[in-house]
Amino acid sequence: MLGTREIRRRRLPFALITAIISLVSYLVMMVNGLGAGLKHVSGSAVLSMDADAIAYSEDSGLSVLFSEFDDETITRIVDLPGVEQAAAISYVPVNYKRADGERKPAAFFGYDPGTIGEPEVIDGRPLSYFEDDGALVDREFLDAAGLHVGDRITVTVKLTSRTFTIRGVVDEGYFFFQPVVYVLRDPVNELLHAAPPTTVPLVLQPILAGEIDPVADASSAKDIGMPPVRLPHAGEVDEVKEAEAIPSAPLPFRQKATIVLLKGDHLPGITGAGFRLVTPQVAFHHVEGVAIQEATVNALSSFGYFIGAVVVGVFFYVFTIQKVQQIGMLKAIGMTNSFIIGNMLFQVALLGAIGVGIASAFAVATAWFLARYPDAAPVLVDSRTIVLTGSFVLLTAVAGTFFSARHVMQIDPIIALGQQQ
Amino acid sequence: MNESRFRPFLRVVGLSHSYGAGAGEVHAVKDATFSMFPGDFVALVGPSGSGKTTLLAMLGALLKPTAGRIFLNGEDIGLLPGRKLAAYRRETIGFVFQANNLVPYLTARENLQMMGMRRGAVTKEARLRADRLLEELGVAHRASALATELSGGERQRVAIARALMNEPQLVLVDEPTASLDSERGRQVVEALNAEVKARRVLGLMVTHDRAMASTADRILEMRDGVVSDQTLASVLIGDEGQQAVATKVQPSMWRGGATARRRRQLRSLLPRRRR
Ligand SMILES: Nc1ncnc2c1ncn2[C@@H]1O[C@H](COP(=O)(O)OP(=O)(O)O)[C@@H](O)[C@H]1O
Ligand SMILES: [Mg+2]
């Protein structure tokens, strides 16, 4: 009764503190929303991969930019005890060009249909095994970029250009601040290594092509155990592709890959010659910039909570100082410390809840507004962010009244008689 | 008022309080001994610094005696543990202070109801009681006014009503008329006296105003911490129930035929006594 009456009859100061709580929690919600958004754009694709473990090459530092596997290593990883399912993924960062000429960066992931690397298509259709010019595009990116199923995008890497047609929509998120585009692994490898696409291991190509007779030319056969990286001329690529027109039986893995997704028990932590298995979470935290970005966001939001606690604390402390005489009187007529402090905590909780409520509405509105602009800050305000931030703001606000509560306890009720304390 | 209620009595024995220690020690109250009986409205007078407030604070459990005892209905309140003091003040004592008696953002009625709250909620009983008390003290028409909107006299009347909310046994009043003119002050004190009488509880009022003190049944005088009760025996005048209580407290006064004579003398000393 005391707490609510005081708020009702001293509206201005309590409205002020509510406004401040709501501003602080709005700020912290935006920071945390930005953190969630940055986390999303910096690597949600890794987290949404259907894997218990991800293999990186040994010296890559868990970076897709440096991880690289050859067929032999992939085979050894897949043959590890405990591996139930596996999928090789090739990654290449690209600048794609839309039909209207606009250029934008994107993260191209190459996968093999039918493996666990294949993303779930939520709209349009999946790619068939040989649909080298098909692409599956992330939903958010599609909306933000104004692209549609059926649109064509052209990418150029290392002088190799390829045009893809958007066939389906996936919900895989972003990688390394770029929207994720899923295509088959051949075109990615081609862009990545400027190597001709193939459906047979590279080591077998010269033999199949009749260039080498493995029986007659044993030393050459040994040489091709380490296939030479040969930069083909631009024209050659299409020729080879033409030559490969007749599909051979699909093999589980095609020559090179960036990472390997694995399913099975107790895989993370395993290391072997040339590779290292980690959980998707570990992989995510090693995406370039994620760790420092999380630290930054955490520092900012901690600072926000701290400011909130201090502001609420100072406000209520000033209230308490102003009311020393009155509190002394209340104590003298037999009101307990817990009653008086309880009223104060009730006020903080009530004003905090109102402030957080207002802030939540504004945060959701801001996030919704920002989401309409693809180049705006990637603020992601979901119910989790709101509930967590809101409760934490409330907690810190309540904690902020600690000094006021202590002061209340120290007030000697004898001051009601006009005596010095 | 409530006839089945136990009639309280107060006995103070050798009560002392000193502030500070060593060379700077101030003996604010020295060896005070006196008693109060049901319906007793006592004025505590004395010059500034004589120890009145200190004595009041000890009776109200706001200050620990450095020596001596305070018995209210035979219970030594000096022995109450710290955690019970708030409840003691809330349930047994009714305080009226010089100023700042009321919570400013509450109405007159809410200031009273606050005393009757249980677990944060105002009981129906408290509601009825608050309105009845405001009526008795002639401020019912101001029940919905905020404490800050009341005049000085209204404020003190509401404060008296508030002090009576929890049916206290001992009402302690500190200079209740300091902020009022003498006419209004007298009315407030008379209202207070009437309430104490009606409830047959104990009332002790600190005042430096002799005129105001003369409205009381008796006067305790303080000088340099020493309490002198020139009219001690006046309390022995009264009905049989009071005599029984007094018997327990001051048995010596009832011994021998001298007592009856003394009672008659004392009775004649108190001309303004009604009844
Ligand atoms: N908190 C205190 N510390 C030290 N001395 C005090 C304190 N309060 C009162 N005194 C002293 O005790 C004496 C009695 O004070 P008080 O009880 O306030 O007298 P009164 O109410 O009659 O004016 C005075 O000499 C005063 O200075
Ligand atoms: Mg005084």
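Parameters and conventions
Residues numbered from 1 in each chain as written. Chains lettered and ligands numbered in written order. Predicted model: local features only at pLDDT ≥ 70, side-chain atom pairs only at ≥ 80, totals over all residues. Heavy atoms only, no water. Helix = DSSP H or I, 4+ residues; strand = E, 2+ residues; numbered from the N terminus. Buried < 20%, exposed > 50% of the residue type's maximum accessible area, 1.4 Å probe, protein only. Areas by Shrake-Rupley, 256 points an atom, 1.4 Å probe, with all protein chains shown as cover. Near = heavy atom within 4 Å. Polar contact = N/O pair within 3.5 Å; in protein donor to acceptor, adjacent residues only side chain to side chain. Nonpolar A, V, L, I, M, F, W, Y, C, P; charged D, E, K, R; others polar. Pairing = 2+ DSSP bridges. Contact = heavy atoms within 4.5 Å. 1 Å grid on protein atoms, 1.4 Å probe; cavity = no way out; pocket = protein on both sides within 12 Å on 5 of 7 lines; lining within 4 Å. Points joined across faces, edges and corners; volume = space filled by probe spheres on them. Phe/Tyr/Trp six-rings, centres within 6.5 Å; stacked < 30°, edge-to-face > 60°. Buried area = accessible area lost by both parts, 1.4 Å probe. Salt bridge = Lys/Arg side-chain N within 4 Å of Asp/Glu carboxyl O. Axes fitted to C-alpha atoms, helices over the stretch in contact; angles between N-to-C directions. pLDDT = per-residue confidence, 0-100.

## Here's the deal with the overall build of chain A
When helices and strands are counted, chain A shows 14 helices and 12 strands. For chain A, buried positions account for 50% of its 421 residues. For chain A, the exposed area adds up to about 19,500 Å²; of that, 62% sits on carbon and sulfur atoms.

## Re the site of ligand 1
All names here are of chain B. Looking at ligand 1, there are 12 residues lining it, with Gly-49, Gly-51, Lys-52, Thr-53 and Thr-54 nearest. The contact in question runs from an oxygen atom of ligand 1 to an N or O atom on the side chain of Lys-52, over 2.9 Å. Burial of ligand 1 by the protein amounts to 68% of the accessible area it has alone, namely 550 Å². The set of elements that each furnish at least two residues to the shell around ligand 1 consists of strand E2 (26-36) and helix H1 (52-59). For the shell around ligand 1, the element with the highest residue contribution is H1, accounting for three residues. Of the residues assigned to the shell around ligand 1, the class counts are four nonpolar, seven polar and one charged.

## Description of the sheet that holds strand E1 (residues 10-19) of chain B
All names here are of chain B. The four strands are arranged E2-E1-E4-E5 in an open sheet whose pairing can be described as antiparallel. Only two strands of the sheet have a single neighbouring strand rather than two, namely E2 and strand E5 (75-76). Note that E1 and strand E4 (residues 67-72) share five bridges and pair antiparallel. Along E4, the bridge assignment pairs Leu-10 with Leu-72.

## What about the side chain of Thr-320 of chain A?
By the secondary structure assignment, Thr-320 of chain A is in helix H10 (residues 290-322). Apart from the residues within four sequence positions on either side, Thr-320 of chain A is in contact with Ile-327, Met-344, Ser-404, His-407 and Val-408 of chain A.

## Some points on empty space enclosed by the protein
All names here are of chain A. Counted by the stated rule, this structure contains five cavities of 30 Å³ or more. Its volume calculated, the largest cavity comes out at about 160 Å³. Together, 16 residues line the largest cavity, and Glu-6, Lys-323, Ile-340, Asn-343 and Met-344 are the ones closest to its centre. Within the residue set of the lining of the largest cavity, elements represented by two or more residues are helix H1 (2-9), H10, helix H11 (324-332) and helix H12 (337-371). No other element matches the four residues that H12 contributes to the lining of the largest cavity. Its residues assigned to classes, the lining of the largest cavity shows nine nonpolar, five polar and two charged.

## A short note on the packing of aromatic side chains
All names here are of chain A. Following the criterion strictly, the structure yields 15 aromatic pairs over all chains and no others. Considering the side-chain rings of Tyr-91 and Phe-175, the 5.1 Å spacing of their centres and the 75° angle between planes classify their relative orientation as edge-to-face. You can see Tyr-91 sitting in strand E2 (residues 83-98) and its partner Phe-175 sitting in strand E8 (residues 174-175), a full 84 residues away along the chain. Residue classification places Tyr-91 among the buried positions, given a relative accessible area of 2%.

## Section: the interface of chain A and chain B
How big an interface is tends to be reported as the loss of accessible area on association of its parts. Taken together, the 23 residues of chain A in the interface contact 29 residues of chain B. For the pair chain A and chain B, the summed buried surface comes to about 2,300 Å²; carbon and sulfur atoms form 69% of the total. Of all residues in chain A, Met-1, Ile-333 and Leu-417 of chain A give up the largest surface area on contact with chain B, accounting jointly for 29% of the area buried on that side. The interface formed by chain A and chain B contains two salt bridges. A salt bridge links Glu-110 of chain B to Arg-5 of chain A, with the shortest nitrogen-to-oxygen separation between them at 2.5 Å.

## Some words on the sheet that holds strand E3 (residues 41-45) of chain B
Residue and element names in this part refer to chain B. The sheet built from six strands is open, its strands ordered E6-E9-E10-E3-E11-E12 with mixed pairing. Every interior strand has two partners, whereas the edge strands, strand E6 (93-96) and strand E12 (226-229), have only one. The sheet shows a mean angle of 20° between the axes of neighbouring strands, direction not considered. The sheet contact formed by E6 and strand E9 (residues 170-174) spans four bridges and is parallel. Each residue of the ladder has a partner; that of Gly-94, found in E9, is Val-171. Its contacts with the sheet put H1 on E3, E6, E9, strand E10 (202-206), strand E11 (218-223) and E12, and the angle it makes with E9 is roughly 150°.

## So, the confidence of the model for chain A
All names here are of chain A. Model confidence for chain A is summarised by a mean pLDDT of 81, while 84% of its residues fall at 70 or above. Ranking the helices and strands of chain A by mean pLDDT puts H11 first, with 94, and helix H7 (residues 218-223) last, with 42. In this model residues 218-254 is a low-confidence stretch, pLDDT under 50, and it forms 45 contacts with partners more than four residues away in sequence or in other chains.

## Some words on unusual backbone geometry
Leaving glycine out, the prevailing phi sign among residues is negative, and the prevailing peptide bond configuration is trans. Residue and element names in this part refer to chain B. We note that Asp-31 has phi near 50°; this positive angle belongs to a residue other than glycine. Following the sequence through the fold, Asp-31 ends up in strand E2. Assessed through its relative accessible area of 53%, Asp-31 is described here as exposed. A positive phi angle is found at Glu-167, which is not glycine, with a value near 50°. With respect to the secondary-structure elements, Glu-167 resides in the loop between helix H5 (152-164) and E9. Of the residues examined, Glu-167 reaches a relative accessible area of 28% and is grouped as partly exposed.

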